[in-house]
Amino acid sequence: MNRILIVEDEEAIADLEKDYLELSGFKVEVANDGEAGLLKALTEDYNLVILDLMLPGVDGFEICRKVRDEKNTPIIMVSAKKDDIDKIRGLGLGADDYITKPFSPSELVARVKAHLARYERLIGSTVEENKVIEIRGLKIDTTARRVWVNDEEKTFTTKEFDLLTFLASHPNHVYTKDELFSEIWDMESIGDIATVTVHIKKIREKVEFDTSKPQYIETIWGVGYRFKM
Ligand code: CA
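**Quick word on the environment of Ile 135**
Line of reasoning, step 1. Here Ile 135 lies in strand S6 (residues 132-135).
Line of reasoning, step 2. The spacing of Ile 135 and Met 229 is 94 residues in sequence and 7.3 Å in space, taken between C-alpha atoms.

Take a look at the structure:
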């Protein structure tokens, strides 16, 4: 469940915000002064902070700055004056949104939901899963650059790995040795298409059960190679 911190010294406003957010299914905590709010925001994990600007003790500007130094928690700043919003923007404190009093509780809830959804998308995109190709007992983790054959990990040189991954990423596509050479080796590389043949041989020794009857990389006589799907 999403946890939200409200830092607000006017208890009636804090209660109203809390009620509406709880009705929407959020777990809400309230801090009634700046010091308590800053401490909670820094030491506990919240999914979002609703931060009033004018607070006794430490004000919203300072809380926002200090939280931003350490955390990415979305912050919605609340102010009684429209002018303050320009000031907050000008200071570049890193708040995610601004709302002026008086506001309708449903507008606040809508903004909270929008920011939580946006933040989750952001987090989600950074922990994207590794891209893995799996074909008949051959498993290639193209992100971690690791290869397993029937659950046994095999080590590959950089070019062997690149060549195997390129072919496996384009199954059933026949490539000439020239095409493979220009795809995997840069133009300054010393070598020729014989390099491709040597690398294919090395890869087969690692992935094939019987190199005379390759089940992954097939030789197309007079043309080149293809990865069998
Ligand atoms: Ca206030």
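After that view of the structure, there is still more to cover.
**Re helix H6 (residues 158-169)**
Line of reasoning, step 1. Compared with an ideal rise of 1.5 Å per residue, which puts 12 residues at 16 Å, H6 spans 16 Å between its outermost C-alpha atoms and is within 8% of the ideal.
Line of reasoning, step 2. The complete set of buried residues in H6 reads Glu 160, Phe 161, Leu 163, Leu 164, Thr 165, Phe 166, Leu 167 and Ala 168.

**Details of the coordination of the calcium ion**
Line of reasoning, step 1. Looking at the metal site, the calcium ion is ligated by Asp 9 (OD), Asp 52 (OD) and Met 54 (O), spaced 2.1 to 2.3 Å from it.
Line of reasoning, step 2. Along the chain, the residues donating to the calcium ion fall in the pattern D-x42-D-x1-M.
Line of reasoning, step 3. Met 54 sits in the exposed class, given a relative accessible area of 54%.

**Quick look at the nonpolar core**
Line of reasoning, step 1. Counting residues in hydrophobic clusters, the biggest one holds 26 residues, and the most contacted among them are Leu 138, Leu 164, Ile 217 and Phe 227.
Line of reasoning, step 2. Sorting the residues of this core by element identifies S6, strand S7 (138-141), strand S8 (146-149), H6, helix H7 (177-184), helix H8 (193-207) and strand S12 (224-227) as the ones contributing at least two each.
Line of reasoning, step 3. Top contributing element to this core by residue count: H6, with 6 residues.
Line of reasoning, step 4. In this view, Leu 138 contacts Ile 133, Val 147, Trp 148, Val 149, Leu 164, Val 207, Tyr 216 and Phe 227; residues no more than four positions away in its chain are not counted.

**Section: the pattern of salt bridges**
Line of reasoning, step 1. Under the definition given, this model contains 21 salt bridges.
Line of reasoning, step 2. Close ionic contact of Glu 29 with Arg 3 constitutes a salt bridge, the shortest N to O distance being 2.5 Å. Here Glu 29 is found in strand S2 (residues 27-31), whereas its partner Arg 3 is found in strand S1 (residues 3-7), with 26 residues between them in sequence.
Line of reasoning, step 3. Taking the relative accessible area as the measure of exposure, Glu 29 reaches 17% and is therefore buried.
Line of reasoning, step 4. With relative accessibility at 22%, the residue Arg 3 sits in the partly exposed group.
Line of reasoning, step 5. In this structure, the salt-bridge partner of Lys 40 is Glu 29, at a minimum N-O distance of 2.8 Å. In this pair, Lys 40 sits in helix H2 (residues 34-43) while Glu 29 sits in strand S2, placing the two residues 11 residues apart along the sequence.

**Concerning the sheet that holds S2**
Line of reasoning, step 1. The strand order S2-S1-S3-S4-S5 describes an open sheet built from 5 strands, whose pairing is parallel. Edge positions in the sheet fall to S2 and strand S5 (97-100), since each has one partner strand and no second. Along the sheet, successive strands turn relative to each other by an average axial angle of 20 degrees, direction set aside.
Line of reasoning, step 2. Taken together, the 4 bridges between strand S4 (residues 75-79) and S5 define a ladder with parallel strand orientation. Looking at S5, one finds that Ser 79 is bridged to Thr 100.
Line of reasoning, step 3. Seen against the sheet, H2 touches S1 and S2 and runs at an angle of roughly 140 degrees to S2.

**Things to note about unusual backbone geometry**
Line of reasoning, step 1. Cis geometry is found at the peptide bond from Lys 101 to Pro 102, where omega equals -5 degrees.
Line of reasoning, step 2. Tracing the backbone through its elements, the reader meets Pro 102 in the loop between S5 and helix H5 (105-126).
Line of reasoning, step 3. The residue Asn 150 is not glycine, and still its phi comes out positive at about 45 degrees.
Line of reasoning, step 4. Within the secondary structure layout, Asn 150 lies in the loop between S8 and strand S9 (152-154).

**Focus: the sheet that holds strand S11 (residues 217-220)**
Line of reasoning, step 1. The sheet built from 3 strands is open, its strands ordered S10-S12-S11 with antiparallel pairing. Two strands close off the open sheet at either side, each with one partner strand: strand S10 (175-176) and S11.
Line of reasoning, step 2. Where S10 and S12 come together, 2 bridges link them in antiparallel fashion. Note on S12: the bridge partner recorded for Thr 176 is Gly 224.
Line of reasoning, step 3. Together, S11 and S12 form the strand contacts of H8, whose direction differs from that of S11 by roughly 140 degrees.

Conventions adopted
- Residues numbered from 1 in each chain as written.
- Predicted model: local features only at pLDDT ≥ 70, side-chain atom pairs only at ≥ 80, totals over all residues.
- Heavy atoms only, no water.
- Helix = DSSP H or I, 4+ residues; strand = E, 2+ residues; numbered from the N terminus.
- Expected span 1.5 Å × (residues − 1).
- Buried < 20%, exposed > 50% of the residue type's maximum accessible area, 1.4 Å probe, protein only.
- Donors = N, O, S within 2.8 Å, 3.2 Å for Na, K, Ca; no water.
- Core = buried A, V, L, I, M, F, W, Y, C linked by side-chain atoms within 4.5 Å.
- Contact = heavy atoms within 4.5 Å.
- Salt bridge = Lys/Arg side-chain N within 4 Å of Asp/Glu carboxyl O.
- Pairing = 2+ DSSP bridges.
- Axes fitted to C-alpha atoms, helices over the stretch in contact; angles between N-to-C directions.

It is worth stressing that arrangement in space is one thing and function is another; only the former is reported here.
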